[in-house]
Amino acid sequence: MKKFLLSVSVILNFASLASAETLSFSSAWSKVNEGSAAQEASKLQVESLKESQARASRHWLPKVYLDAKSYQTNDPGSAFFGLLEQRSLQQSDFNPDSINHPDSNIFTRGALGVDLALFEGGMKSSQIDMLKHSLAAQKSATSQIQIEQYSAVGLSYGSIVVLAQQKNKLQTLSSEISRMIKGYQLGSKSNPVGYSGLLGMKSLANRVSGLINQYESQSRAYYAALREMGLKDVNWAPETMDSNTFVARYFSKSTKESEALASFKAESARENVKASAEAANMEKAKFLPRVGAFAESYVFNGNRATANGYNAGIYLQWSLFDPSDYGGLKEAKLKSMSAAKYSEASEQQERAERAALSESIKSLHQNIDLLNDSHKLLVEQSKMTETLFKNGSINALQIVEILSRRTDLIAQQGEAELSLIKAGSQIVTKQNFDIAKQLSDGVSNEK
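The model shown is predicted, which means the values in this text are computed figures rather than measured ones. (Residues numbered from 1 in each chain as written. Predicted model: local features only at pLDDT ≥ 70, side-chain atom pairs only at ≥ 80, totals over all residues. Heavy atoms only, no water.)

## Points about the overall build of the protein
Counted only if it meets this: A run of H or I in DSSP becomes a helix once it reaches four residues, and a run of E becomes a strand once it reaches two; helices and strands are each numbered from the N terminus. Between the two quantities, the radius of gyration covers C-alpha atoms and the globule rule is 2.2 Å times the number of residues to the power 0.38. Computed with the Shrake-Rupley method and a 1.4 Å probe, the accessible areas treat only the protein chains shown as cover for residues. Positive residues here are Lys and Arg, negative ones are Asp and Glu, while His and the chain termini are left out of the count. Think of each charge as sitting on NZ of Lys, CZ of Arg, CG of Asp or CD of Glu.
Looking only at helices and strands, one finds 12 helices and 6 strands in the protein. Here the protein has a C-alpha radius of gyration of 40 Å; the compact-globule value for 447 residues is 22 Å, and the former is much larger. Here the protein displays about 25,700 Å² of accessible surface, and carbon together with sulfur accounts for 55% of that area. The protein carries 50 positive and 47 negative side-chain charges, and their two centres are separated by 8 Å.

See the structure below:
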């Protein structure tokens, strides 16, 4: 019954693979990229900063305001000055009793005014520069988010490619072991050597089956990760290629430290340092005078008459001491210095990580090439060993040892190739990576 269920499972898996449509990595990335909520949020932040910068750049334009109010009062001061603003003050209005106890009056006042800032201590100019650098930082952050998503998609997709290939190798090996077990004639318990060989074959078959299950589980996890990223396609299969080709085609080919430029994350940090320096200048501007010009024309209506007037002039405002501003400039400078040191430290760490990943990729390339050669040799040795076994020149345990070494090698290949995919996906986040150019160049080089 178990054999029947296993056969059905294998048939269903092959049927599923046969009906699965091949989805290229470029197509997979395009679908994730188009629906990225993280990128969209960052782009909206960019648009918000653009609006902030445009709004701040209009600080030289005058403020124009309209002020209108109508009120009823018997306040002595308001009533007396209301008569003055109507330009209708009479001799009888200087009666002390009338001044102290005026009748209730209704007044209406409307004014149109202009306020033009002539000098603001550099506050607004520094704000514009700060927003300019903040905008540049956010643009770089958006590019970094896109690259990190590209890296994540590449890691999952490339891992699926590797796992599929290693699974095929294990399935081929599993078929060979099953065929040998089926044709084995010396498995009687009365023959200790022969029976030991049979047990070794069955144990190896179980190990290979366990590795296949492990690879299938890992592959399902990566498929699930891609679905969460936004790849909604179902029943698809990846392109067929080795890990070296995948890394060369879709990840950065330049692993030389001298050729690599700082990442967008580092560029964003640099722009934030400049923005923090401008924030310190804004704090400094609080201690400088503000100069402006103003003009206001008004119309005043009361129970006696309607009159108009105007006010015009210049003003000087200078905060000589404000406890809330005290220490603000020093705090802003310290924050700017901290941001500069953080940016410097981050770039140093990025260069170190990029160099380490570069060396790791070179080493993994070489290791994988050696493992591939060793695998070819072991496959050839397996064929020769099987012939010797059929001729009776060697026993079952000896051929099990060869097949076991082949199983170890396939597992090592899988680990090395997955490590290469991971290192390749990480190194692109540590440098100024052009996704469109990489995809274009990768396809062109393959042709």
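Still more to cover.
## Description of the sheet that holds strand β5 (residues 290-301)
The test is simple: Pairing between two strands requires that DSSP report at least two bridges joining them. All axes are obtained by fitting lines to C-alpha atoms, using only the stretch in contact for helices, and the reported angles, taken between N-to-C directions, cover 0 to 180 degrees. Here, two residues are considered to be in contact whenever any of their heavy atoms come within 4.5 Å of each other.
Pairing is antiparallel in the open sheet, where 4 strands are placed in the order β2-β3-β5-β6. Strands with a single pairing partner mark the edges of an open sheet, and in this sheet they are β2 (63-73) and β6 (306-317). Across the sheet, the mean angle separating the axes of adjacent strands is 20° when strand polarity is ignored. With 11 bridges joining them, β2 and strand β3 (residues 105-119) adopt antiparallel strand pairing. Of the residues in β3, the one forming a bridge with valine 64 is valine 114. Contacts from helix α4 (residues 76-85) reach β2, β3, β5 and β6, with the element oriented near 75° to β3.

## Here we look at the pairing of β5
Examined bridge by bridge, β3 and β5 share 11 bridges and lie antiparallel to one another. Paired with phenylalanine 119 across the two strands is valine 291, which belongs to β5.

## Quick word on unusual backbone geometry
Where we set the bar: When accessible area is computed with a 1.4 Å probe and restricted to protein chains, residues below 20% of their type maximum are described as buried, those above 50% as exposed, and intermediate ones as partly exposed.
With phi around 55°, arginine 87 is a residue other than glycine that occupies positive phi space. Along the polypeptide, arginine 87 turns up in the loop between α4 and α5 (96-100). Judged by relative accessible area, arginine 87 falls into the exposed class, the value being 61%. Here asparagine 235, not a glycine, exhibits a phi torsion of approximately 55°, which is positive. Inspection of the secondary structure assignment puts asparagine 235 in the loop between α7 (192-229) and β4 (236-237). Judged by relative accessible area, asparagine 235 falls into the partly exposed class, the value being 40%.

## Focus on the packing of aromatic side chains
Filter applied, for reference: Any two of the Phe, Tyr and Trp rings considered here, Trp counted by its six-membered ring, make a pair once their centres fall within 6.5 Å; the pair's planes then place it as stacked at under 30 degrees, edge-to-face at over 60, or tilted in between.
What the rule picks out here adds up to 18 aromatic pairs. A centroid spacing of 5.6 Å and a plane angle of 45° characterise the contact between tyrosine 150 and phenylalanine 433, whose relative ring orientation is tilted. Within this pair, whereas tyrosine 150 is found in helix α6 (residues 123-182), its partner phenylalanine 433 is found in the loop between α11 (396-427) and α12 (435-446), the two being separated by 283 residues in sequence. Accessibility expressed as a relative area gives 0% for tyrosine 150, which makes it buried. The buried category is assigned to phenylalanine 433, whose relative accessible area is 6%. With a centroid separation of 4.7 Å and 65° between ring planes, the pair formed by tyrosine 223 and tryptophan 236 is classed as edge-to-face.

## Side note on the side chain of glutamate 271
Where we set the bar: Side-chain atoms alone can form a polar contact between residues adjacent in sequence; in general such a contact is a pair of N or O atoms within 3.5 Å, and within protein one must be able to donate a hydrogen while the other accepts it.
Locating glutamate 271 in the fold gives a position in helix α9 (residues 264-285). For glutamate 271, a relative accessible area of 17% translates into the label buried. Only 2.9 Å separates the side chain of glutamate 271 from the side chain of histidine 133, close enough to count as a polar contact. Excluding residues that lie within four positions of it along the chain, glutamate 271 makes contacts with His133, Ala136 and Ala137.

## Observations regarding the nonpolar core
The test is simple: To form a nonpolar core, buried Ala, Val, Leu, Ile, Met, Phe, Trp, Tyr and Cys residues must be joined to one another through side-chain atoms within 4.5 Å.
Core analysis: the biggest nonpolar cluster contains 60 residues, and Phe25, Tyr150, Met201, Trp236, Phe246 and Phe389 have the highest contact counts within it. Membership of the second largest hydrophobic core comes to 9 residues, among which are Val46, Ala56, Leu135 and Ala275.

## Side note on the environment of aspartate 75
Mapped onto the secondary structure, aspartate 75 falls in the loop between β2 and α4. Its relative accessible area of 36% is what places aspartate 75 among the partly exposed residues. Polar contacts involving the side chain of aspartate 75 include one to the main-chain amide nitrogen of serine 78, which spans 2.9 Å.

## What to know about helix α2 (residues 25-34)
Using the following cut-off: Here the arc refers to the set of directions running from the helix axis out to each C-beta atom.
Residues of α2 that are buried: Phe25, Ala28, Trp29 and Val32. Looking straight down α2, one finds its buried side chains confined to an arc of 95°; they lie on one side.

## Structural notes on a nonpolar patch on the surface
Going by this rule: Without a salt bridge and with relative accessible area above 30%, a residue can belong to a patch; like charges are then joined within 9 Å and nonpolar side chains (Val, Leu, Ile, Met, Phe, Trp, Tyr) within 5 Å. Here, a salt bridge means any Lys or Arg side-chain nitrogen found within 4 Å of an Asp or Glu carboxyl oxygen.
Judged by side-chain polarity, Leu316, Trp318, Leu320, Phe321 and Tyr326 come together as a nonpolar surface patch covering roughly 720 Å² of accessible area. With respect to the helices, strands and loops of the structure, tyrosine 326 is situated in the loop between β6 and α10 (328-390). Its relative accessible area of 67% is what places tyrosine 326 among the exposed residues.

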